[in-house]
Amino acid sequence: MSVLIEGDEKLELELAKEPIAAPATGSLLLHGALAGGIVLYGMIGGFFHHNEWGSQGGGGSIQVSLVSSALPLPNDQPHNDNVLATEKPSQAPAPPAPKEKQAVDDNALAIQGKTQQQKQQQKQIKTPQRQMTPQPTNRAQYGEQAGSQMQRSTMAQGGSNGPAAVGSGDFASRFGWYVDGINRKMSTSWNKLEVDSRTPKGARVFLIFTIHRDGTPKDVQVDRSSGSPTLDRSCVRGAQRVDTFGGLPAAYNSSTLKVSYYCEY
Amino acid sequence: MKAFFRFSPLFALILAGMTATTVAAQDWVHTGTNLGSERIRLAAADFKPVGGDPQTPALKAVFDATLYSDLANAGIFDLVSKSMAPQATPGSPQEINLGQWSAAPSNAAMVALGALSASNGRLSVYGWLEDARNTANPQVLAQQYNEQASQEMARTVAHRFADLIILRLGGGINGIAETKIYFVSSRTGTKEIWAMDYDGQNQHQVTHLGSVSISPRVSPDNTRIAFSSLSGQGWSIRMYSLELGRLVSFPAGTAGGSNLSPAWSGDGKKIAFSSSRSGDSEIWVADASGGNLHRVTSFKGPNVAPTWNPKTNAQLAWASGRTGLPQISTMDQDGANVQRMTDGGYAISPSWAPNGQFLTFSWNRKYGPGAPGGQDIYLMDISNLHWLQLTHESGSNDFPSWAPDGRHIVFERASGRHAEIWTMLADGTEQHQLTHSGNNYMPNWSWK
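The structure presented is a predicted model; accordingly, all values stated were derived computationally and were not measured. (Residues numbered from 1 in each chain as written. Chains lettered and ligands numbered in written order. Predicted model: local features only at pLDDT ≥ 70, side-chain atom pairs only at ≥ 80, totals over all residues. Heavy atoms only, no water.)

1. Some points on the overall build of chain A
As a reminder, the rule being used: Put simply, DSSP marks the helices as runs of H or I at least four residues long and the strands as runs of E at least two long, and each gets a number from the N terminus on. In this scheme, a residue with accessible area under 20% of its type's maximum is buried, one over 50% is exposed, and one in between is partly exposed, where area comes from a 1.4 Å probe on protein chains only. Should any heavy atoms of two residues lie within 4.5 Å, those residues are counted as being in contact.
Each helix and strand in chain A was counted, giving seven helices and three strands. Helices (α) and strands (β) of chain A occur, in sequence order from the N terminus, as α-α-α-α-α-α-β-β-α-β. Going through the 265 residues of chain A one by one, you find that 31% of them count as buried. In chain A, of all internal contacts separated by at least 6 residues, the share reaching a separation of at least 24 is 74%.

Right, dumping it as structure tokens:
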């Protein structure tokens with residue numbers, strides 16, 4: 001019996017419909033919701049993400065290059081190819097170079113006389129360096145020094161003994177700051193990139209121009225060519241680009257100032 | 001390195017001295033390149049208080065602080081720190097020992113000094129600028145001021161003296177210490193136009209419209225502000241008179257469609273703006289009175305944010321969407337000679353430098369989903385399209401605007417939903433935040 005009943009139950013179970021309706025509807029609903037969601041997302045996205053600026057395919061290659069230094073701002077570290085210029089002050093006379101230490105062989109037996117000689121040599125090297133520390137004021141200085149107090153012109157010594165000494169030819173001594181201003185303005189205005197790179201280093205072109213009372217440069221012309229047309233032209237352009245060097249100092253009597261300026265590649 | 005080069009002008013100037021003695025009418029100067037592009041080492045001495053008026057110490061403190069910060073902000077000086085300067089407060093050129101200032105640790109090439117006194121409600125200031133290295137003829141500048149004794153006036157006098165020093169030593173470019181910055185602020189709840197001094201001081205509200213007002217542009221003579229404002233007819237260009245303290249009419253800016261981003265020409269005679277009254281946003285130009293309106297561009301896609309070349313007043317730059325994403329373009333004022341300046345990405349908000357040589361704008365060079373990089377301020381030389389990135393990896397930067405000296409740029413920096421006004425030198429250094437309260441947008445630097 002029990003086997004039959006079991007068999008009946010089995011039969012019933014086999015004949016009974018499989019409960020797929022609920023999962024099927026669930027699945028249908030889920031897919032419907034997914035599809036609806038995608039459509040809705042597209043609609044809402046299209047509604048809100050209204051890209052007025054068209055496609056994003058506007059890009060292409062991107063130029064990587066730098067702007068020239070023509071901003072009216074000082075350049076803290078001017079470009080300098082001169083190998084003679086150093087960051088550190090050199091001392092004159094140059095301190096003796098420390099002798100290279102002889103390679104010490106650990107296995108070698110120490111010879112009494114030799115080791116003493118080496119020590120004496122080391123002492124001799126140190127002594128001149130100590131003497132250098134209080135720097136004599138009258139010696140020549142090379143290399144970088146802090147806050148140079150150098151006169152801008154030798155004319156200052158003989159030409160001006162107070163406000164009465166207003167002669168011709170002492171502009172640079174009386175208005176050194178204005179000359180510095182000309183240099184500063186020209187170095188930001190001159191674009192070295194315009195010069196042909198085959199120009200030999202150190203080539204100089206000399207310009208002559210006139211600065212009027214309001215500071216505007218006029219009559220820019222090449223005085224002595226450097227031999228490189230691009231260098232000549234770039235220097236002339238640099239001077240022509242300057243709108244004004246600033247009004248001439250009020251204490252300066254003449255109406256114009258002649259300037260001879262060189263650009264060195 | 002610097003001193004090495006100073007030897008060459010010495011010889012040049014000896015030459016100058018020898019040749020020039022024969023010339024009577026004018027002097028000769030012989031000089032050359034690589035001789036002086038470093039910053040001028042300048043010391044600002046504390047001014048000497050004179051007299052026993054109780055107002056003097058407070059005014060002196062304001063004056064000293066303002067003068068120091070103006071000179072430090074100028075961008076052309078290496079300013080001697082107050083702690084390195086000599087202890088003495090010289091009140092006149094007779095009292096100063098220049099050797100003390102030109103020696104270490106201050107190493108000053110120039111010293112600004114003077115005396116300040118208040119009496120009977122008047123503030124009197126004597127200021128000098130001395131060349132510390134030229135002991136024979138040190139005086140560069142001597143100036144006297146006599147104004148009403150107030151904190152505001154002490155600040156103004158310090159601004160004027162600083163501007164004079166900057167003009168004299170900065171190669172004839174006027175200082176910006178007395179300029180203003182106009183901007184949008186929502187700190188009262190609605191977006192209104194505000195104004196402040198160039199250093200962020202003295203912030204005050206200009207318009208009280210209770211609507212939304214954006215993109216202020218002050219006229220070159222500092223009398224009017226053009227801006228766009230939301231009204232019943234949509235966005236319209238409106239004009240606010242700073243002299244009358246109220247809105248004045250600008251009929252060209254009120255027609256249908258969105259009228260946005262006005263821009264004054266350098267002579268103050270014309271205003272360019274973008275308007276969508278004919279469909280797409282296009283650039284339109286009108287007289288400053290609002291008459292003689294005409295359309296300049298007719299491209300597919302939006303064309304917005306015009307800016308004039310203030311040097312020539314004959315060219316416009318703007319953000320054009322005619323090739324897809326917005327790019328900076330330039331054209332003549334009649335719409336001819338269109339040139340695209342940027343070659344990709346997303347470039348907006350151009351501003352043309354006072355010398356006509358540079359454009360600054362906001363650029364996202366790698367725009368798109370998943371692309372790294374942010375909206376940064378860039379500088380471009382319009383003659384060769386070479387560019388320089390000024391801001392790096394700090395928020396989203398937009399709306400740059402040139403200062404009249406061509407050395408400073410003010411811009412909006414947003415991080416998250418918070419936007420503030422910042423300023424920097426035109427090489428991207430010395431970035432400072434100017435506003436600290438509420439949200440502040442779209443700065444515009446006045447012309448003088």
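Back to the write-up after that little detour.
2. Re the state of the cysteines
All names here are of chain A. As a reminder, the rule being used: By convention in this document, the label disulfide applies to cysteine sulfur atom pairs within 2.5 Å.
Under the counting rule described, the total for this entry stands at one disulfide over all chains. The side chain of C235 participates in a disulfide bridge whose partner is C263; the two sulfur atoms lie 2.0 Å from each other. Since a negative S-S torsion denotes a left-handed disulfide, the C235-C263 link at about 70° is right-handed. One end of the pair, C235, is in helix 7 (residues 229–241); the other, C263, is in strand 3 (residues 256–264), with 28 residues separating them in the sequence. We classify C235 as buried; its relative accessible area is 0%.

3. What to know about the pairing of strand 27 (residues 396–402) of chain B
Residues and elements named next belong to chain B. Here is the rule we go by: Think of it this way: DSSP has to see at least two bridges between two strands before they count as a pair.
Within strand 27, five of the seven residues are buried, which leaves it mostly tucked inside the rest of the structure. Bridge analysis of strand 27 against strand 28 (residues 408–415) gives five bridges, and the strand direction is antiparallel. Among the inter-strand pairings, W402 is bridged to a residue of strand 28, identified as I409.

4. Describing the pattern of salt bridges
What counts, and what does not: Each salt bridge in this description consists of a side-chain nitrogen of Lys or Arg and a carboxyl oxygen of Asp or Glu lying within 4 Å of one another.
Tallied over the entire structure, the rule returns 14 salt bridges over all chains. Residue D196 of chain A is joined to R198 of chain A by a salt bridge in which the shortest nitrogen-to-oxygen separation is 2.7 Å. Residue classification places D196 of chain A among the partly exposed positions, given a relative accessible area of 25%. Relative accessible area serves as the criterion here: at 70%, R198 of chain A is assigned to the exposed category. A salt bridge links D46 of chain B to K82 of chain B; the nearest nitrogen and oxygen atoms lie 2.5 Å apart. Residue D46 of chain B is located in the loop between strand 2 (40–44) and strand 3 (48–49), and its partner K82 of chain B is located in the loop between strand 4 (77–79) and helix 3 (98–102); the two are separated by 36 residues in the primary sequence. The exposure class of K82 of chain B is partly exposed, given its relative accessible area of 36%. One salt-bridge network, held together by shared partners, links R155, K180, D197 and D199 of chain B.

5. Considering helix 2 (residues 56–73) of chain B
Residues and elements named next belong to chain B. The criterion, for reference: Helix span is expected to be 1.5 Å times the residue number reduced by one.
Given a rise of 1.5 Å per residue, 18 residues ought to cover 26 Å, and the 25 Å separating the end C-alpha atoms of helix 2 matches this to within 8%. Looking at helix 2, one finds that the buried residues are T56, L59, K60, V62, F63, D64, T66, L67, D70 and L71. Close packing links the buried residues of helix 2 with strand 2, strand 3, strand 4, strand 5 (110–119), strand 6 (122–131) and helix 4 (151–169). G75 sits one or two residues past helix 2 and shows a positive phi near 90°.

6. Here's the deal with the sheet that holds strand 1 (residues 27–32) of chain B
Inclusion rule: Whenever a helix is involved, its axis is fitted only over the stretch in contact; in every case the axis is a line through C-alpha atoms, and angles between N-to-C directions fall within 0 to 180 degrees.
One open sheet holds the four strands; their spatial order is 2(A)-1(A)-3(A)-1(B), and the pairing between them is mixed. Only two strands of the sheet have a single partner each, and these edge strands are strand 2 (217–224) of chain A together with strand 1 of chain B. Ignoring which end each strand starts from, the neighbouring axes of this sheet average 20° apart. The pairing of strand 1 (residues 204–212) of chain A with strand 2 of chain A spans five bridges and is antiparallel. Looking across to strand 2 of chain A, one finds that T210 of chain A is bridged to K218 of chain A. Here helix 6 (residues 176–189) of chain A sits on the sheet in contact with strand 1 and strand 3 of chain A together with strand 1 of chain B, set at roughly 45° to strand 3 of chain A.

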